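Report on the structure
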Amino acid sequence: MNENRYYQPKDAKDALRYIEGLFNQYLQAPLTMELVSYHQKLIKQIQEDVLPTAQKAGQPAQVANANQLVDTMHDWLRIRMNGQPYAGKVRHFQFVADDARPKFKRKVLKGRRSGGHRSARHG
């Protein structure tokens, strides 16, 4: 029963994606000592578990991704410790600013038919 309690990644890339998802969940959260210790634990897990696994499997791309994610996580901690907001999120193991991705306007069209509303999306 306890063996199903924790997430078991298949390989280094799966583990990195999972940690990236966890990291994106608390990016904008208020900085507390518990959050900082949890953040340090995730960084340590990448450095001590994921990196050696990727190196042992001979995956240079995953080694580079792990190092990139660790650097991004260190930058996040430095920025947040200075009291500044972290305007963005992590995609593909690197920082992407909020205004770097396209925004789509959404407009609701009301017609004469009995369908209520129909949405039209234009970029």
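This report concerns the structure included in the present document. (Residues numbered from 1 in each chain as written. Predicted model: local features only at pLDDT ≥ 70, side-chain atom pairs only at ≥ 80, totals over all residues. Heavy atoms only, no water.)

1. What about helix α2 (residues 33–56)?
What sets the pattern is the α-helix's 3.6 residues per turn: residues three or four places apart point alike. In a regular helix each residue adds 1.5 Å, so 24 residues correspond to 34 Å; α2 covers 34 Å between its end C-alpha atoms and thus fits that length. Its maximal kink placed at I46, α2 deviates by approximately 30°. The complete set of buried residues in α2 reads L35, V36, H39, L42, I43, I46, V50, L51 and A54. Each element contacted by the buried residues of α2 is listed here: α1 (12–25) and α3 (60–81). Of the residues flanking the end of α2, it is G58, one or two places downstream, whose phi is positive at about 70°. (Helix = DSSP H or I, 4+ residues; strand = E, 2+ residues; numbered from the N terminus. Expected span 1.5 Å × (residues − 1). Bend = angle between axes of the 7 residues up to and from the residue. Buried < 20%, exposed > 50% of the residue type's maximum accessible area, 1.4 Å probe, protein only. Contact = heavy atoms within 4.5 Å.)

2. Thoughts on the side chain of T72
By the element assignment, T72 lies in helix α3. When its relative accessible area of 7% is taken as the criterion, T72 is described as buried. Ignoring anything within four residues of it in the chain, the contact list for T72 reads F23, Y86, V90, F93, Q94 and F95.

3. Notes on the pairing of strand β1 (residues 88–91)
Here β1 shows a clear split, with G88 and V90 buried on one side and none of K89 and R91 buried on the other. Here four bridges tie β1 to strand β2 (residues 94–97), and the two strands are oriented antiparallel to one another. Bridge pairing links R91 to Q94 in β2. In sequence, β1 turns back onto β2 through a hairpin of two residues, with H92 there showing a positive phi of about 55°. (Pairing = 2+ DSSP bridges.)

4. What about the nonpolar core?
Core analysis: the largest hydrophobic core is formed by 27 residues, its most contacted members being I46, L69, M73 and W76. Every element with two or more residues in this core is listed here: α1, α2 and α3. When residues no more than four places from it in sequence are discounted, the contact partners of I46 are L16, I19, L51, P52, A66, L69, V70 and M73. (Core = buried A, V, L, I, M, F, W, Y, C linked by side-chain atoms within 4.5 Å.)

5. Observations concerning the side chain of N65
Looking at the element boundaries, N65 is found in helix α3. The residues touching N65, leaving out its near neighbours within four places in the chain, are L16 and F93.

6. Some points on unusual backbone geometry
The residue H92 is not glycine, and still its phi comes out positive at about 55°. Its place among the elements puts H92 in the loop between β1 and β2. The phi torsion at F93 lies on the positive side, around 70°, for a residue other than glycine. Along the chain, F93 turns up in the loop between β1 and β2.

Remember, this is a structural readout, not a statement about activity or role.
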